[in-house]
Amino acid sequence: ARSLAYSLAPAPLPGAMSFNDEINVLKAGGCPLCACCCSECTFAGGENFALSAKVCCFSAGIGFKAAVAAAMGAVAADQMGGGKAGKAAAAVAAAGLVDQFDPNECDVNFCDSCWDSDRGCCEVVCKVFCCYYELQCPPGMDIGIGCCGMRCCDQGDADGETPPEQMEMMG
């Protein structure tokens, strides 16, 4: 199924992950501080700022450069006496301009699946410095249960490996 994505930048290469998919990769290799099926807080490396949200078939994501550009656009419009609509338009235009030069900064999709096993129906992911936070509804197997660096009951447990066979005791 092909996703309809809106971006001011050239279309990504076939098979390339969208920004919203890449943000979920940020927690890989992280150290879970606390996770309980639908909510997770993890210490992770990688990007210093990223924000992604999904509600049914609509998803959006923004990176640090685009967020700064959007904030600066809104501030500039405010200083010029712009109203709420003017500030919003300036913010979107600034973020879109950044997206022209770095296509991984903004991502808006209108045709995501309404539910999938990784993102559920509704999801919010925020990464600020080393703190990665994810909230998902309904709970999915990608979060699992975790505390103090240990995690269980997540989809990583079902990696297809079978346990070694039990040896029989010779009597």
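Computed from a predicted structure; not experimentally measured.

How each quantity is defined
- Residues numbered from 1 in each chain as written.
- Predicted model: local features only at pLDDT ≥ 70, side-chain atom pairs only at ≥ 80, totals over all residues.
- Heavy atoms only, no water.
- Salt bridge = Lys/Arg side-chain N within 4 Å of Asp/Glu carboxyl O.
- Buried < 20%, exposed > 50% of the residue type's maximum accessible area, 1.4 Å probe, protein only.
- Helix = DSSP H or I, 4+ residues; strand = E, 2+ residues; numbered from the N terminus.
- Phe/Tyr/Trp six-rings, centres within 6.5 Å; stacked < 30°, edge-to-face > 60°.
- Expected span 1.5 Å × (residues − 1).
- Arc of directions from axis to C-beta.

1. Details of the pattern of salt bridges
- In total, this model carries five salt bridges according to the counting rule given.
- For the salt bridge of D78 with K87, the shortest nitrogen-to-oxygen distance reads 3.5 Å.
- Relative accessible area serves as the criterion here: at 43%, D78 is assigned to the partly exposed category.
- Given the relative accessible area of 28%, K87 is considered partly exposed.
- Taking the shortest distance from any N to any O, the salt bridge between E123 and R119 comes out at 2.6 Å.

2. Re the environment of C131
- In this fold, C131 is placed in strand β8 (residues 131–137).
- For C131, a relative accessible area of 28% puts it in the partly exposed group.

3. Here's the deal with the packing of aromatic side chains
- With the rule as written, the count across this model stands at two aromatic pairs.
- Between F49 and F64 the ring centres are 6.4 Å apart and the planes differ by 70 degrees, which places this aromatic pair in the edge-to-face class. Remark: F64 occurs in helix α2 (residues 64–79) and F49 occurs in strand β4 (residues 49–55); sequence separation between them is 15 residues.
- Ring centres of F58 and F110 lie 5.4 Å apart, and the angle between their planes is 45 degrees; on these two criteria the pair is classed as tilted. A residue pair is termed long-range when its members are at least 10 positions apart, and F58 in strand β5 (residues 58–63) and F110 in the loop between β6 (106–109) and β7 (122–128) qualify at 52 residues.

4. Some words on α2
- Relative to the 22 Å expected for 16 residues at 1.5 Å per residue, α2 spans 23 Å between its end C-alpha atoms, a close match to the ideal helical length.
- Of all the positions in α2, only A66, A69, A70, G73 and A77 are classed as buried. All buried residues of α2 lie within an arc of 100 degrees about the axis, which places them on one face of the element. In α2, the exposed residues that point more than 90 degrees away from the buried face are M72 and Q79.

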